[in-house]
Structures are given as C-alpha cells and as structure tokens.
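One letter stands for each residue in the lines below.
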Amino acid sequence: TLAASAYRRSVGQPYVQPDPDLDYTTNFLTMMFRPAEGGFEVDPVLSKALDLLFLLHADHSQNCSTTTARTVGSSHADPYITLSAACGALYGPRHGGANEAVVRMLERIGSVDNVPQAVEAAKTQGVRLMGFGHRVYKNYDPRAKILKYAAHKVFDVTGTNPLLDMALKLEEVALADDYFVSRRLYPNVDFYSGLIYESMGFPHEMFPVLFAIGRTPGWLAHWDEMLTQNSRIARPRQLYTGKATRDVVPINQR
C-alpha cells in the first residue's frame with residue numbers, strides 16, 4: 001500500500017484504494033497503475049508473474065539483508081526498525097539493486113551485435129557482467145531458469161523488449177565460453193527479474209522496493225523466531241590478522 005501510494009504521488013495520480021475481492025498481486029498492480037478514471041484490468045499473466053517474482057525473492061539463507069534483520073532484531077528492536085535495517089542492506093547495488101544494474105548494463109551494451117565485445121571486455125578488461133554468479137548457487141541459479149520462462153510469457157503480453165534479446169544472446173555467448181563455465185559464472189535471479197519489472201511498467205528506483213516486498217515475510221519470521229526463542233544478542237567474533245607488535249611513534253615525531 002505504501003509503495004503504490006508513493007509511486008502514484010510521484011506521477012501525480014490520486015491514490016487507489018485496495019480491493020478486498022482481488023488477490024494480492026492483482027490488487028497491487030491495480031493500485032499501482034489504474035488510471036484515475038478507472039477502466040483498468042490486470043492481465044492474469046502479469047499478476048502470476050509478479051506473484052512468482054515475490055516468491056523467488058523470498059528470504060533464503062543468511063543473505064546480507066536477512067543477516068542484518070537478525071542482527072538488529074536480536075537486540076529486541078521492534079519489527080519496524082528491524083525491517084528498516086534490512087531494507088537499508090537491500091538498497092545496496094550489489095544486493096537489491098543488482099537487477100537494476102543488469103538493465104543498465106544491457107542498455108550500455110546497446111544491441112545484440114555488441115554482445116561478443118561485452119563478453120570479451122569482461123574476460124580481458126575486468127568489466128563485470130551483472131547478473132552472473134552467486135555466492136551460494138555455483139551452478140545455474142534455479143530461480144533464473146524459472147524467470148527466463150516467465151519473461152517470455154510477460155513479453156507476450158507487454159510486447160517485445162530488445163533488452164531481452166540482448167540478455168538471451170549474452171547468456172548464450174557466456175555459457176558457451178570456458179572462461180565463464182570454469183568459474184561457474186551462470187545467470188542468477190537478477191538477470192531476468194529487472195527485465196520483467198521494467199516491462200510491467202515499474203520504474204527502476206522501485207526495483208529494491210519490490211525485492212523487499214518478497215523478502216519481508218522471511219525477515220519477520222526470523223524476527224519472531226528470535227523473540228520466541230529468547231535468542232542472545234548477535235555479536236560476531238573477529239579474528240585479528242594485523243601485526244602482533246608495533247612501535248608507537250609520537251605524533252610530533254611522525
């Protein structure tokens with residue numbers, strides 16, 4: 001509700017009240033995009049795709065934002081503060097902003113013809129291919145396979161997107177190159193999710209917000225679990241790797 005309200009204010013449209021007769025994602029899309037004069041109906045393909053995205057973005061393992069939620073929640077902070085902290089972690093471009101980075105990368109590549117050049121730059125110049133590789137999934141991210149199929153379904157409704165053609169070509173070239181295969185750099189969930197969000201009409205700055213919607217149930221589950229178990233406050237251990245002894249030089253002698 002807050003996300004839809006903020007978006008409509010930003011584009012100068014009046015707030016749309018939620019409809020209790022609609023399912024969650026259909027309701028959300030209606031509140032986001034229905035014109036003031038009404039007459040708007042959400043395509044069920046888009047509603048299903050958004051529901052799938054929320055499910056695939058759900059909390060999994062001790063990722064950056066979930067760890068943040070557990071750390072802050074372990075002090076028995078209230079759920080609003082805990083979720084705010086998790087959202088702060090998710091805001092970073094290497095976490096919740098990664099799918100936007102994929103879209104920006106494809107825009108810079110510009111066309112399918114430039115894909116081989118982009119792959120070569122990644123191999124020889126250290127230019128990072130966004131949306132490839134994952135800290136946990138060392139083979140093809142199973143979520144990416146699902147979203148690749150969903151992307152085609154969405155584009156059948158919203159129209160073709162030249163960025164998808166580039167994404168497919170980039171995946172094809174990279175997965176045929178031993179440089180990426182030997183390093184297990186396969187497409188991850190961010191590779192296709194941003195393309196789907198963009199085709200639905202979501203502005204790029206809302207991508208982390210959409211990510212947070214899917215993550216919120218998991219964050220709250222962790223928060224509730226810690227309070228139920230009366231868990232101890234988080235205090236990670238550190239291992240000092242610096243010098244064992246150092247000479248102290250007075251400031252005026254440095």
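Located above this text is the structure these notes cover.
Procedures and definitions
- Residues numbered from 1 in each chain as written.
- Predicted model: local features only at pLDDT ≥ 70, side-chain atom pairs only at ≥ 80, totals over all residues.
- Heavy atoms only, no water.
- Phe/Tyr/Trp six-rings, centres within 6.5 Å; stacked < 30°, edge-to-face > 60°.
- Helix = DSSP H or I, 4+ residues; strand = E, 2+ residues; numbered from the N terminus.
- Buried < 20%, exposed > 50% of the residue type's maximum accessible area, 1.4 Å probe, protein only.
- Lys NZ or Arg CZ within 6 Å of the ring centre and 35° of its normal.
- Expected span 1.5 Å × (residues − 1).
- Arc of directions from axis to C-beta.
- Salt bridge = Lys/Arg side-chain N within 4 Å of Asp/Glu carboxyl O.
- 1 Å grid on protein atoms, 1.4 Å probe; cavity = no way out; pocket = protein on both sides within 12 Å on 5 of 7 lines; lining within 4 Å.
- Points joined across faces, edges and corners; volume = space filled by probe spheres on them.
- Nonpolar A, V, L, I, M, F, W, Y, C, P; charged D, E, K, R; others polar.

Draft legend 1. The packing of aromatic side chains, seen in detail. Going through the model one piece at a time under the given rule, you end up with nine aromatic pairs. Seen in terms of ring centroids, Phe28 and Phe54 are 6.3 Å apart; in terms of plane orientation they differ by 65°. Their pairing is edge-to-face. Taken together, the residues Phe28 in helix α2 (residues 24-33) and Phe54 in helix α3 (residues 44-56) connect sequence positions 26 residues apart. In this pair, the class of Phe28 matches that of Phe54, namely buried. The aromatic ring of Tyr179 is capped on one face by Arg183, whose charged end is 3.8 Å from the ring centroid.

Draft legend 2. Examining helix α8 (residues 142-158) more closely. For α8, spanning 17 residues, the distance from its first C-alpha to its last is 25 Å, which sits close to the expected 24 Å at 1.5 Å a residue. Inspection of α8 places Arg143, Ala144, Leu147, Ala150, Ala151, Val154 and Phe155 among the buried residues, and these make up the whole buried set. For α8, the angular spread of the buried residues around the axis is 145°, confining them to a single face. More than 90 degrees from the buried face of α8, the exposed residues found are Lys145, Tyr149 and Asp156.

Draft legend 3. Here's a closer look at the pattern of salt bridges. Following the criterion strictly, the structure yields seven salt bridges and no others. Its salt-bridge partner being Glu120, residue Lys123 comes within 3.8 Å of it at the nearest N-O pair. A residue pair is termed a helical-turn pair when its members lie 3 or 4 positions apart in one helix, as Lys123 and Glu120 do in helix α7 (residues 115-124) at three residues. A relative accessible area of 28% places Lys123 in the partly exposed class. Note that Glu172 and Lys169 form a salt bridge whose closest N and O atoms lie 3.8 Å from each other. In this pair, Glu172 and Lys169 both sit in helix α9 (residues 162-175), three residues apart, roughly one turn of the helix. We classify Lys169 as partly exposed; its relative accessible area is 27%.

Draft legend 4. Expanded view of the layout of surface pockets. In this structure, the second largest pocket occupies an estimated 560 Å³ of space. Taken together, 21 residues form the lining of the second largest pocket, with Thr1, Leu2, Ala3, Tyr24 and Ile213 sitting closest to its centre. Looking at the lining of the second largest pocket element by element, the count peaks at seven residues for helix α12 (residues 207-228). A breakdown of the residues in the lining of the second largest pocket according to their chemical character gives 16 nonpolar, four polar and one charged.

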